[in-house]
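Here are the chains, one letter per residue:
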Amino acid sequence: MSIPLALKKTGRVLQRPWLGWAFAGWAIVALAAFYGIFRPVDYRLADIASAFETRPTRENVIVVTIDAPSFQDLSSPWPWPRDTHAKLVDALYKAGARAIVFDIVFDQPTEDDGVFAEAIQKSGRVVLAAERAVMPTSHGVLESLTLPADLLTASAAGVGIAGIDLDTDGRLRRMPDAPDSLAYEVLETLGEGSGGPAEGMIRYIRYGGAISGPGSVSYYQALDAESLLPPDIFRDRIVLVGLALEASPDVSKQTADRVNVPFHAARQGAMHGVFAQAEILSTALAGDGLRDTGRVSLAGFWAVAVVASLAAVLLSFTSASRAGAVVILGLLGLLGLVGLARLAGGVLPAAAPMSGFVLVGGSALGHAGWIAFRERRRLADGFGRYVSPEIMQKLLADSDMLNLGGASRPVSVLVTDLEGFTTFMESVPAEDGAEILRDYLGTLADVVLHHGGMIDQFIGDSLVALFNAPTFQDDHAARALACARDLAATGLAFRDKMTTRGIPFGVTRIGGDTGQATVGNFGTAKRFHYTAMGEVVNMASRLEVANKTVGTHLLVTARLFEAAGAPQGLRLAGRLLVPGAQDAVEAVTLAEGLSSEEAQTCRRLWVQLAREGGSAGEIESLLAGCDPATPFHHALQALAAAARGETLLTTK
């Protein structure tokens, strides 16, 4: 729907403050984004997008879990003796493991470190974990590093930091930032590069594939793999060893080791730390971690969102529907860009620009919608009383037709007046007269609306009705003539009702014509006045007055009668010269009081006059034998006068 007139005319006035508000809104969003307020939303959006992606299947990593069944089988408290770990290394080395990674920090030396170190050295591809603690102080950042025992460090193929980087919501999504992290150290040990994060780019873990297939086995099973596990389960795979306990057998030594992860990565939103390390390591091996799209792409995304929102603001001044289309298409376009970035392996922080787009574009659209709603109500309340509900719906759907100014179009016009109005008002109390007049005009108005006409205006006891305006009606002449006949009958019925109450009430006189007129809203931007101007309106008004001279209560032009399809029940009233008109006009009235045969005779004679110019003799003959007091005689007199070319001069 187009924005109604009031909004269109005030659009230029609204633009400046609304554009200022739009830029202010974007400034607020940009400031909030700078301070990281939208970061949690970006995290959630990334999680949702990941949930719909295909999860990669990977079998290059297997986890050996230090779990409750292993504690029961080994019957040993934690920490286990280092020679037990040596046996595990020997078993895994014998089983063909590609690398063995311990997600356990062996920082305290023990008496059996020699046995463990010998097994590590023999394997040649054992990577041990270390820990880094960072503590901010008043003098700067204090960093401490906890390494494995010296003998073990010297024997290992590499030592990596087992720490992980959590996001502000406490969930693990990102690959480690430090190049000496455990996963990157494993890659370097295997000769596949450092695997560290690319400069200036954050990589995100591709969850789902690190523990597919057999996934994990218990520590005690790995110690006796030949007997308890399928053959070649460890061959050419990286074995990650770590704790996977819900609760520690010895609470004084160990607590539950769980890491919060995105909801799509684990059933309960958390996993054991060793499995999180497996996800990191598997992503690093595959090299398919998602990356930030970069500053250029992000700036382009912001630019698209800002421009689209401003377009919605500008369009909201003139067309709510177009502004709504821009908002919808803009949202779909922004989501499409996010999807394209995702397909390209990038994570686009879209929460801030999309929020700005919704805030600015949506607010402008909402404001325009409120103005349109208010204008629709104003239009319906003020104009709905003068047109039928069907026309009102068309006007609400296309209010452009009610713009200031006019356009020429064919219309049919009816004008009514109440005979003896002054006498009536003097015969009843003023309050009763006003109430009766409201009832009378309301009854006539219902007839007009029933035929699809528009009530142009009420002038005292008179009513002016338009057809083919403001909406187009191909059959406007037929509607107008049918309405005129119903108005005549309704007026007589209302007079009879008043007469039974002892109230003198006159006849309703009606005039009608059809022709070209200038129609439109000739009011102001603040005061609505839709009307028609032209000779057709004047002629209808003059014919209404001419009823007094002719002695009828309905007169319409012959051109209205013919345009309406020349319906039955009407006759020629004569050629009339009305005040203010230069040329005489043929007028038609109701064939009241005529029998069916008489009406057909009058119609035949009228047609003969119009087409052949004859039948004057037959008319005179019929007049000679007709009772002068009958309606048939009056009808024949009008035909005879027309045959003689006579014109009846009417008075005001």
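A brief structural summary. (Residues numbered from 1 in each chain as written. Predicted model: local features only at pLDDT ≥ 70, side-chain atom pairs only at ≥ 80, totals over all residues. Heavy atoms only, no water.)

## Some thoughts on the overall build of the protein chain
Okay, step 1: Along the protein chain, the regular secondary structure elements total 22 helices and 21 strands.
Okay, step 2: Pairs at least 24 residues apart make up 72% of the contacts formed inside the protein chain by residues separated by at least 6 positions.
Okay, step 3: Carbon and sulfur atoms form 55% of the exposed surface of the protein chain, whose accessible area is close to 31,000 Å². (Helix = DSSP H or I, 4+ residues; strand = E, 2+ residues; numbered from the N terminus. Contact = heavy atoms within 4.5 Å. Areas by Shrake-Rupley, 256 points an atom, 1.4 Å probe, with all protein chains shown as cover.)

## Digging into the sheet that holds strand β12 (residues 346-347)
Okay, step 1: With mixed pairing, the three strands of this open sheet are ordered in space as β6-β11-β12. For this open sheet the edge positions go to β6 (203-204) and β12, each flanked by a neighbour on one side alone.
Okay, step 2: Across two bridges, the pairing between β6 and strand β11 (residues 290-292) is antiparallel. For R203, the partnering residue across the bridge sits in β11 and is R291. (Pairing = 2+ DSSP bridges.)

## Quick look at the nonpolar core
Okay, step 1: Of all hydrophobic cores here, the largest spans 54 residues; its most connected members are Y440, L487, F505 and L639.
Okay, step 2: Those residues within four positions of F505 in sequence are excluded, and the remaining contacts are L418, F424, I436, Y440, F494, R495 and M498.
Okay, step 3: In terms of nonpolar packing, the next biggest core, distinct from the first, is built from 36 residues, I100, I120, V126 and I233 among them. (Core = buried A, V, L, I, M, F, W, Y, C linked by side-chain atoms within 4.5 Å. Buried < 20%, exposed > 50% of the residue type's maximum accessible area, 1.4 Å probe, protein only.)

## Comments concerning the packing of helix α4 (residues 82-94) against helix α5 (residues 113-123)
Okay, step 1: Axis separation between α4 and α5 bottoms out at 7 Å; the angle between their running directions is 15°. Considered as vectors, α4 and α5 are oriented roughly parallel to each other. Between α4 and α5 lies a crossing whose hand is left-handed. Contacts between α4 and α5 involve R82, D83, H85, A86, V89, D90 and Y93 on the former and, on the latter, D113, V115, F116, A119, I120, K122 and S123.
Okay, step 2: Per-class residue counts for the contact of α4 with α5 are seven nonpolar, two polar and five charged. (Axes fitted to C-alpha atoms, helices over the stretch in contact; angles between N-to-C directions. Parallel < 35°, antiparallel > 145°, perpendicular 65-115°, else oblique. Left-handed = near helix turned anticlockwise from the far one by under 90°. Nonpolar A, V, L, I, M, F, W, Y, C, P; charged D, E, K, R; others polar.)

## With respect to unusual backbone geometry
Okay, step 1: For the bond from W78 to P79, the omega torsion is 0°, close enough to zero to count as cis.
Okay, step 2: With respect to the secondary-structure elements, P79 resides in the loop between α3 (68-74) and α4.
Okay, step 3: The omega angle of the peptide bond from A469 to P470 is 5°, so this bond is cis rather than trans.
Okay, step 4: With respect to the helices and strands, P470 occurs in the loop between β15 (462-467) and α17 (476-500).
Okay, step 5: In this model, D232 sits at a positive phi of 60°, which is unusual for a non-glycine residue.

## Quick notes on a nonpolar patch on the surface
Okay, step 1: Together, V41, L45, I48, F52 and F263 make up a nonpolar patch on the protein surface, roughly 500 Å² of accessible area in all.
Okay, step 2: Mapped onto the elements of the fold, F52 is located in the loop between α2 (39-51) and β1 (61-66).
Okay, step 3: For F52, a relative accessible area of 72% translates into the label exposed. (Patch = residues over 30% accessible without salt bridge, like charges linked within 9 Å, V, L, I, M, F, W, Y side chains within 5 Å. Salt bridge = Lys/Arg side-chain N within 4 Å of Asp/Glu carboxyl O.)

## So, the environment of V259
Okay, step 1: Mapped onto the fold, V259 is located in strand β9 (residues 258-260).
Okay, step 2: Residue class for V259 comes out buried when judged on its relative accessible area of 9%.
Okay, step 3: A C-alpha to C-alpha distance of 5.3 Å links V259 and A270, two positions eleven residues apart in sequence.
Okay, step 4: Apart from residues lying up to four places away in sequence, V259 is in contact with I164, L166, L172, G269, A270, M271, G273 and A276.

## Some details on the packing of aromatic side chains
Each aromatic ring pair is specified by the distance between its two centres and by the angle formed by the two planes.
Okay, step 1: This structure, assessed with the given rule, holds 14 aromatic pairs.
Okay, step 2: Taken together, a centroid distance of 5.4 Å and an interplanar angle of 65° make the contact between W78 and W80 edge-to-face. Across the pair, W80 and W78 agree in class, each one buried.
Okay, step 3: Judged by centre distance (5.3 Å) and plane angle (70°), the ring pair of Y440 and F505 falls under edge-to-face. Here Y440, found in helix α16 (residues 430-450), pairs with F505, found in the loop between α17 and β16 (508-521); they are 65 residues apart in sequence, far enough to count as distant.
Okay, step 4: On the basis of relative accessibility, which here comes to 1%, the residue Y440 falls in the buried class.
Okay, step 5: Taken together through their ring pairs, the aromatic side chains of F71, W78, W80 and Y219 make up a single cluster. (Phe/Tyr/Trp six-rings, centres within 6.5 Å; stacked < 30°, edge-to-face > 60°.)

## A word on α2
Okay, step 1: With 13 residues, α2 should cover 18 Å at 1.5 Å per step; its first-to-last C-alpha distance of 19 Å lies within 8% of that length.
Okay, step 2: If you check which residues of α2 are buried, you get D42, Y43, A46, D47 and S50. One side of α2 carries all its buried residues, which in axial view fall inside an arc of 140°. (Expected span 1.5 Å × (residues − 1). Arc of directions from axis to C-beta.)

## Points about the packing of α16 against α17
Okay, step 1: The interhelical angle for the contact between α16 and α17, taken along N-to-C directions, is 155°, at an axis separation of 9 Å. In this view, α16 runs roughly antiparallel relative to α17, as classed from their interaxial angle. The two elements α16 and α17 cross, and the hand of that crossing is right-handed. Across from I436, D439, Y440, T443, L444, V447 and V448 in α16, the residues of α17 making contact are C483, D486, L487, T490, F494, K497 and M498.
Okay, step 2: Within the contact of α16 with α17, the residues separate by chemical class into nine nonpolar, two polar and three charged.

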